[in-house]
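# A closer look at the structure
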Amino acid sequence: EMDGKMGKENLIREMKEESEIQIMQDIYNSITSKCFNKCVSKPGDRLDKDQQVCLAKCVDRLLESRNVVTETMIERGGGSKK
């Protein structure tokens with residue numbers, strides 16, 4: 001009985017860790033494709049100041065929206081802080 005419970009807890013923990021890794025990969029992929037395509041029209045050896053500012057704002061917006069979605073999912077999933 002105890003082994004079954006520990007096995008289940010380990011599986012749940014591993015699934016959560018894999019989910020977090022997938023979320024980070026999704027964020028990275030979004031930043032790479034969306035922000036780069038939006039901000040860097042002519043790739044070169046360096047980013048100019050406008051490209052740097054554009055990328056910084058784009059990344060901030062993506063991370064902020066991802067946080068809002070995550071918080072909403074947590075609340076709807078029964079993990080409400082109420």
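Data block above holds the structure.
Summary of the structure given here.

### Details of the overall build of the chain
Each helix and strand counted, the chain has two helices and zero strands in total. Over its C-alpha trace the chain gives a radius of gyration of 19 Å, far above what one expects of a compact globule, namely 12 Å for 82 residues. In terms of overall dimensions, the chain has a C-alpha envelope of 60 × 30 × 15 Å along the principal axes. With 82 residues in all, the chain has 11% of them scored as buried. Split by element, the accessible area of the chain, about 7,300 Å² in all, is 55% carbon and sulfur. Once the 15 positive and 15 negative side-chain charges of the chain are each reduced to a mean point, those two points are 8 Å apart.

### Here's the deal with the state of the cysteines
Across all of its chains, the model carries two disulfides by this definition. The partner cysteine of cysteine 39 in its disulfide is cysteine 54, sulfur to sulfur 2.0 Å. Torsion about the S-S bond of the cysteine 39 and cysteine 54 cystine: about -70 degrees, corresponding to left-handed handedness. Here the residue cysteine 39 occupies a position in helix α1 (residues 2-39), and cysteine 54 occupies one in helix α2 (residues 49-76), the gap between them amounting to 15 residues. Judged by its relative accessible area of 9%, cysteine 39 is buried. Taking the relative accessible area as the measure of exposure, cysteine 54 reaches 22% and is therefore partly exposed. Cysteine pairing in the chain follows 1-4, 2-3, where each cysteine in a disulfide is numbered by its order in the sequence.

### Topic: the nonpolar core
In this structure, Cys35, Cys39, Val40, Leu55, Cys58 and Leu62 together form the largest nonpolar core, which totals six residues. Residue assignment for this core shows that the elements contributing at least two residues are α1 and α2. The greatest single-element share of this core, amounting to three residues, is contributed by α2. Contacts of leucine 62, omitting those with residues within four sequence positions, involve Ser30, Ile31, Lys34 and Cys35.

### Some points on the side chain of glutamine 51
Here glutamine 51 is to be found in helix α2. Judged by relative accessible area, which is 9%, glutamine 51 ranks as buried. Once residues lying within four places of it in the same chain are set aside, the contact partners of glutamine 51 are Cys39, Val40, Ser41, Lys42 and Arg46.

Conventions adopted
Residues numbered from 1 in each chain as written. Predicted model: local features only at pLDDT ≥ 70, side-chain atom pairs only at ≥ 80, totals over all residues. Heavy atoms only, no water. Helix = DSSP H or I, 4+ residues; strand = E, 2+ residues; numbered from the N terminus. Rg over C-alpha atoms; globule rule 2.2 N^0.38 Å. Buried < 20%, exposed > 50% of the residue type's maximum accessible area, 1.4 Å probe, protein only. Areas by Shrake-Rupley, 256 points an atom, 1.4 Å probe, with all protein chains shown as cover. Lys, Arg positive; Asp, Glu negative; His and termini not counted. Charge placed at Lys NZ, Arg CZ, Asp CG, Glu CD. Disulfide = S-S within 2.5 Å. Core = buried A, V, L, I, M, F, W, Y, C linked by side-chain atoms within 4.5 Å. Contact = heavy atoms within 4.5 Å.

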